[in-house]
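# Structural description and commentary
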Amino acid sequence: MADIITGMIKRYSADDRFTMEPDPTGKGIKLRFNDESWFEMAKMEAENKIRISYATTNRSINEDIEHAILDSKDPIDDFVYDGMEEAGEEEEHKVEHYHDGAFRYAIDLPLDKPGVDDQAARVLDGLFYTFEEFAEGD
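Residues numbered from 1 in each chain as written. Predicted model: local features only at pLDDT ≥ 70, side-chain atom pairs only at ≥ 80, totals over all residues. Heavy atoms only, no water.

Another aspect to go through is the packing of helix α1 (residues 4-12) against helix α5 (residues 116-136). Axis separation between α1 and α5 bottoms out at 10 Å; the angle between their running directions is 50°. Here α5 runs oblique to α1, going by the angle between their axes. Taken as a pair, α1 and α5 cross one another with a handedness that is right-handed. Note on element contacts: α5 touches α1 through Val 116, Asp 117, Asp 118, Ala 120, Ala 121, Leu 124 and Asp 125, opposite Ile 4, Met 8, Arg 11 and Tyr 12. Its residues assigned to classes, the contact of α1 with α5 comprises seven nonpolar, no polar and four charged. (Axes fitted to C-alpha atoms, helices over the stretch in contact; angles between N-to-C directions. Helix = DSSP H or I, 4+ residues; strand = E, 2+ residues; numbered from the N terminus. Parallel < 35°, antiparallel > 145°, perpendicular 65-115°, else oblique. Left-handed = near helix turned anticlockwise from the far one by under 90°. Contact = heavy atoms within 4.5 Å. Nonpolar A, V, L, I, M, F, W, Y, C, P; charged D, E, K, R; others polar.)

See below:
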């Protein structure tokens, strides 16, 4: 299998939704939506997974997302489901929400799963469809 991050760089290099910032170590890519919001893929070899996430440094955006999740009365995993469905991703995923210098909404996939590169791209697109309106602001 070709390196998943190299494949993602090729896949997203011409995507005009983002400005790509490859990690110099080759272990990830950041797809910047704007100065304070981005999507990220990070290969975590020790854990045998790839983490796909939406991140923002803007506390107001994060609070708007949290309020939208609460207003939906759905768990966070269900909140992202419509975006995943729009992206063609049928599998349900556990979404982790945490702060690591940015407010992050992350989904992990096993690196050794057949077709993980295509699934990771669908998950990234699903996160994009879920969080785009928040990242764009008013």
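Alright, that's what it looks like, and here's the rest.
What follows is about the pairing of strand β3 (residues 37-44). Of all eight residues in β3, seven are buried, a share of seventy percent or more. With six bridges connecting them, strand β2 (residues 28-34) and β3 associate as antiparallel partners. Across the sheet, the residue bridging to Lys 30 is Glu 40, located in β3. Between β2 and β3, which pair antiparallel in sequence order, lie two residues. Where β3 lies against strand β4 (residues 49-56), eight bridges are found, and the strand directions are antiparallel. Looking at β4, one finds that Met 41 is bridged to Ile 52. (Buried < 20%, exposed > 50% of the residue type's maximum accessible area, 1.4 Å probe, protein only. Pairing = 2+ DSSP bridges.)

All right, on to the sheet that holds β3 then. Strands in a sheet are paired, the pairing made by backbone hydrogen bonds, and the direction either parallel or antiparallel. Overall, antiparallel pairing links the six strands, which are arranged β1-β2-β3-β4-β6-β5 in an open sheet. The open sheet has two edge strands with one neighbour each: β1 (19-22) and β5 (96-99). For this sheet, the mean inter-axis angle between neighbouring strands, taken without regard to orientation, is 25°. In this structure, β1 lies alongside β2, joined through four bridges in antiparallel fashion. Bridge pairing links Thr 19 to Arg 32 in β2. Across the sheet, α1 touches β1, β2, β3 and β4, and the angle it forms with β2 is around 30°.

Let us now look at helix α2 (residues 59-72). Think of an α-helix as turning once every 3.6 residues; residues three or four places apart then point the same way. Here α2 is 14 residues long and its end C-alpha atoms lie 20 Å apart, about the 20 Å a rise of 1.5 Å per residue gives. Within the sequence span of α2, burial applies to Ile 61, Asn 62, Ile 65 and Ile 69. All buried residues of α2 lie within an arc of 100° about the axis, which places them on one face of the element. In this structure, α2 carries Arg 59, Leu 70 and Asp 71 as exposed residues pointing more than 90 degrees from its buried face. Buried residues along α2 sit in contact with β3, β4, α3 (76-79), β5, β6 (103-110) and α5. Where α2 begins, the side chain of Asn 58 points an oxygen toward the backbone nitrogen of Ser 60, at a separation of 2.8 Å. Looking one or two residues beyond α2, the residue adopting positive phi is Lys 73, at roughly 60°. (Expected span 1.5 Å × (residues − 1). Arc of directions from axis to C-beta. Polar contact = N/O pair within 3.5 Å; in protein donor to acceptor, adjacent residues only side chain to side chain.)

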